[in-house]
Amino acid sequence: MKNNFLELPIPTRDGRFLARYSEKGLAEMDFPNGKAFVAPKRSEGGPAVKTNRVPAQIRDWHRATEVALKNILAGRAAKNLPPLDFSGGTEFQQAVWRELRKISFGKTKSYGEIARRIGKARAVRAVGGACGANPIPVLVPCHRVLAANKKLGGFGGGLDWKRTLLAREGVSL
DNA sequence: GACAGATGAAGGA
DNA sequence: TCCTTCATCTGTC
């Protein structure tokens, strides 16, 4: 990972997310506190950032990220996403992440389906690994991937987040 | 190389 | 059904 990412917080009522941008687009996103879901105490709100020294382009991306994230958290589909920079991943991971982005709002797929989609039907476990390596959760909807038996499987940000996100999209397990 | 993993399918109780 | 076992593929160390 490079160090020259620009890091900007996104305050939401679910906590403070952290977005990192490269020159190509949104490259990483952290959940509040950088770990598993924690019930928000009170509004962590507050003003976003000092955007003075942020390049205009990244400010645009950040605005799009913020809107998309808040839409998803509010149970609405995200319309405009900023460009995503997947260059930190391997070719296989990028293929999986691209496939994840095609899962529409409120829909789910299994790890096996993703594997078949990218033409590697038996690479199901590897798909799980790629999902876990997903640097941009929520916007790259790894939470919409379930195990074949409709069980949750796992989630890098914590299963509570996965449940929460799916519930807000109206997905019942 | 060896190993672990966010799986899936099959077989047995 | 539920549990266990095993095949399979990729990433990481």
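Thresholds applied
- Positions within a chain are numbered from 1, following the residues in the order the chain's sequence is written.
- Following the order in which they are written, the chains are lettered starting with A and the ligands numbered starting with 1.
- At least 70 in pLDDT is required for a residue's local features to be given in this predicted model, at least 80 for side-chain atom pairs to be given and counted, and no such filter applies to totals for whole chains, interfaces and linings, which use all residues.
- Think of the side-chain values as coming from all heavy atoms in the structure, minus any hydrogens and water.
- By convention, a stacked pair of Phe, Tyr or Trp rings (six-membered ring in the case of Trp) has centres within 6.5 Å and planes under 30 degrees apart, an edge-to-face pair has planes over 60 apart, and any other such pair is tilted.
- Working definition: helices are DSSP H or I runs of at least four residues, strands are E runs of at least two. Numbering for both runs from the N terminus.
- Under the scheme applied here, a residue whose accessible area is under 20% of the maximum for its type counts as buried, over 50% as exposed, and between as partly exposed, the area being computed with a 1.4 Å probe on protein chains only.
- The criterion used for residue contact is that any of the two residues' heavy atoms lie within 4.5 Å.
- Only heavy atoms are used to decide nearness, and a residue is near a molecule or strand if one of them lies within 4 Å of it.
- Counted as a polar contact is a pair of N or O atoms within 3.5 Å, where, for protein atoms, one must be capable of donating a hydrogen and the other of accepting one, and residues adjacent in sequence contribute only when both atoms are in side chains.

**Quick look at the packing of aromatic side chains**
In total, this model carries five aromatic pairs according to the counting rule given. For the ring pair F17 and F31, a centre distance of 5.7 Å and an interplane angle of 50° mean the geometry is tilted. Pair noted here: F17 is in strand 2 (residues 15-21) and F31 is in the loop between strand 3 (26-30) and helix 1 (56-73), with a separation of 14 residues, a long-range link. Judged by relative accessible area, which is 0%, F17 ranks as buried. Taking 4.9 Å as the distance between ring centres and 35° as the angle between the ring planes, the aromatic pair formed by F31 and W161 counts as tilted. Residue F31 is located in the loop between strand 3 and helix 1, and its partner W161 is located in helix 5 (residues 159-168); the two are separated by 130 residues in the primary sequence. By the burial criterion, F31 is buried, and W161 matches it. Taken together, F17, F31, F155 and W161 form an aromatic cluster joined through their ring pairs.

**With respect to the environment of K150**
Relative to the helices and strands, K150 is located in the loop between strand 5 (145-146) and helix 5. Take K150: its relative accessible area is 52%, and that puts it in the exposed class. For the pair formed by K150 and S172, sequence separation is 22 residues and the distance between their alpha carbons is 9.9 Å.

**A short note on the environment of L146**
Looking at the secondary structure, you find L146 in strand 5. Take L146: its relative accessible area is 2%, and that puts it in the buried class. For the pair L146 and A77, spaced 69 residues apart in sequence, the C-alpha to C-alpha distance is 19 Å. Apart from residues no more than four positions distant in its own chain, L146 is found in contact with T108, K109, S110, Y111, K151, L152, K162, L166 and L173.

**Remarks on the protein's contact with DNA strand C**
Taken together, the residues surrounding DNA strand C are T90, F92, Q93, K120, R122, A123, R125 and A126. Considering DNA strand C, the proportion of its atoms within 4 Å of the protein that are sugar or phosphate atoms stands at 82%. Here a phosphate oxygen of DNA strand C and a side-chain polar atom of K120 are 3.2 Å apart. Measuring from a phosphate oxygen of DNA strand C, one finds a side-chain N or O atom of R122 at 3.3 Å.

**Digging into the protein's contact with DNA strand B**
Residues in close proximity to DNA strand B total 16 residues, the closest being Y111, G112, R125, C131 and A148. The contact in question runs from a base nitrogen of DNA strand B to an N or O atom on the backbone of G154, over 3.0 Å. Taking G156, its main chain carries an N or O atom lying 3.2 Å from a base nitrogen of DNA strand B. Contributing elements (two or more residues each) for the surface near DNA strand B: helix 3 (111-117) and helix 4 (124-132). Here the element with the most residues in the surface near DNA strand B is helix 4; it accounts for six residues.

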